Amino acid sequence: MTPSNTANASKNYLQCKEEQRVLEVMIWPPQRPDLNIIKAVWVYTKRQKDSSKPTSTEDLWRNEFAMLHPPWIFHVIERKGFFTACDCSDIWERNKGSPSGIYTVKPDGADLSFQVYCEITAKGGWTLVQKHNGEDGLSFEKLWEDYENGFGNLSGEHWLGLRHLHRLTHQAHRPCALRIRLGDFAGREAYAQYSPFSVGEGYYQLSAGNYSGTAGDAFRGNIGISRTNQHGSFFSTLDHPADNCYPVCPVSGILFPSCSYILRAGWWFNACGSANLNGMWRGPPKNRFWPSSVTWPTWRPYESLKFSEMYLIHN
């Protein structure tokens, strides 16, 4: 097995909270200059030992290179160690001095790792799953596949992806909360937090637990008007409508066949609900009285917000 193939194969063994070590393998005598030092990846499983695997790093590499370089593996040196964390809260738990930035995570039970932006504060690590502030000019008027897989720039405006949201919110023994940070064009800020919080599989059903905060519970909308309650709603896009518009939904006194058709975004709409943080970003003076805007009406009714940020916080 070549070093590159070894590195690719090792990704299949990665699990949350397993240690990944980068090793330097010395080949002696050198057959070619490029074979003198080989850098590759080895995964050490902390949770359980596989008896079929070599018991030491040196034995591992002797086995891996036995076919290619039978007598020549001379020494194995561990260069550095790092971990594939479950989420940003896990990163903070391991090292409270970690800087904010882009990290690779692998939620417990996930098949593959992926990158996220972590906001690291003195109180914890938050996994950013949505940022919408108009600075990148990113359109959130996307189709189902884009919302499933994610889009945008992790360091700027983006939507992380429904697949990743599902994996991050369905980790065994790692319950999470959703924290929504909002800002208006007057410089005021508010937040809404839901605990517990999860996104289902398939149609990505929204489950928003107990509310706390200063922005109001827009996910549950207006008390007594069931179509504004988005808790329990499926995610809906223009090409994959899963809202409750049957046969039509009234928006600002006009009937539409689907919420995404008029609100120009993917979201947990119901019919057509209350909040929509993926709506079209609009700045002053055109940021009022547009139903398709970035809205959280229990805080700023009839007004498009300057920014929205959605974070997952794991316990």
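See the structure printed just above.
Now for a quick tour of the structure. As the structure is a prediction and not an experimental result, all values here were calculated from the model. (Residues numbered from 1 in each chain as written. Predicted model: local features only at pLDDT ≥ 70, side-chain atom pairs only at ≥ 80, totals over all residues. Heavy atoms only, no water.)

1. Some thoughts on unusual backbone geometry
Part 1: Cis peptide bonds are those with omega within 30 degrees of zero, and the linkage from Ser195 to Pro196 qualifies with 0°.
Part 2: Inspection of the secondary structure assignment puts Pro196 in strand 10 (residues 189-199).
Part 3: The residue His173 is not glycine, and still its phi comes out positive at about 65°.
Part 4: Within the secondary structure, His173 sits in the loop between helix 5 (162-168) and strand 9 (176-183).
Part 5: Here His173 falls in the exposed class, since its relative accessible area comes to 79%. (Helix = DSSP H or I, 4+ residues; strand = E, 2+ residues; numbered from the N terminus. Buried < 20%, exposed > 50% of the residue type's maximum accessible area, 1.4 Å probe, protein only.)

2. Points about a nonpolar patch on the surface
Part 1: Residues Leu143, Leu238 and Tyr261 make up a contiguous nonpolar surface patch of roughly 310 Å² in combined accessible area.
Part 2: Following the sequence through the fold, Leu238 ends up in the loop between strand 11 (206-213) and strand 12 (249-251). (Patch = residues over 30% accessible without salt bridge, like charges linked within 9 Å, V, L, I, M, F, W, Y side chains within 5 Å. Areas by Shrake-Rupley, 256 points an atom, 1.4 Å probe, with all protein chains shown as cover. Salt bridge = Lys/Arg side-chain N within 4 Å of Asp/Glu carboxyl O.)

3. Section: the packing of aromatic side chains
Part 1: Summed over all chains, the structure comprises 19 aromatic pairs.
Part 2: Considering the side-chain rings of Phe219 and Trp267, the 6.1 Å spacing of their centres and the 25° angle between planes classify their relative orientation as stacked. Here Trp267 lies in the loop between helix 6 (259-263) and strand 14 (307-314) and Phe219 lies in the loop between strand 11 and strand 12, a separation of 48 residues in the sequence.
Part 3: Of the residues examined, Phe219 reaches a relative accessible area of 0% and is grouped as buried.
Part 4: Here the basic side chain of Arg282 rests over the ring of Trp290, its NZ or CZ set 4.1 Å away from the ring centre.
Part 5: Between the NZ or CZ atom of Arg300 and the centre of the ring of Trp299, over which it lies, the distance is 4.3 Å. (Phe/Tyr/Trp six-rings, centres within 6.5 Å; stacked < 30°, edge-to-face > 60°. Lys NZ or Arg CZ within 6 Å of the ring centre and 35° of its normal.)

4. Digging into the nonpolar core
Part 1: By size, the foremost hydrophobic cluster in this structure holds 58 residues, and its most contacted members are Trp159, Ile180, Phe219, Trp268, Trp296 and Met310.
Part 2: The greatest single-element share of this core, amounting to five residues, is contributed by strand 10.
Part 3: Once residues within four sequence positions are removed from consideration, Trp159 is found in contact with Val129, Gln130, Phe140, Tyr147, Gly150, Phe151, Leu165, Phe235, Trp268, Asn278 and Met310.
Part 4: Core analysis: the next-biggest nonpolar cluster, separate from the first, contains five residues, Trp126, Leu128, Tyr311 and Ile313 among them. (Core = buried A, V, L, I, M, F, W, Y, C linked by side-chain atoms within 4.5 Å. Contact = heavy atoms within 4.5 Å.)

5. Section: the environment of Glu141
Part 1: Here Glu141 shows up in the loop between strand 6 (124-132) and helix 4 (144-149).
Part 2: Linking Glu141 and Arg264, residues 123 residues apart in sequence, is a C-alpha distance of 5.3 Å.
Part 3: Excluding anything up to four places from it in sequence, Glu141 contacts Arg264 and Met280.
Part 4: Side-chain polar atoms of Glu141 contact the side chain of Arg264, separated by 3.3 Å. (Polar contact = N/O pair within 3.5 Å; in protein donor to acceptor, adjacent residues only side chain to side chain.)

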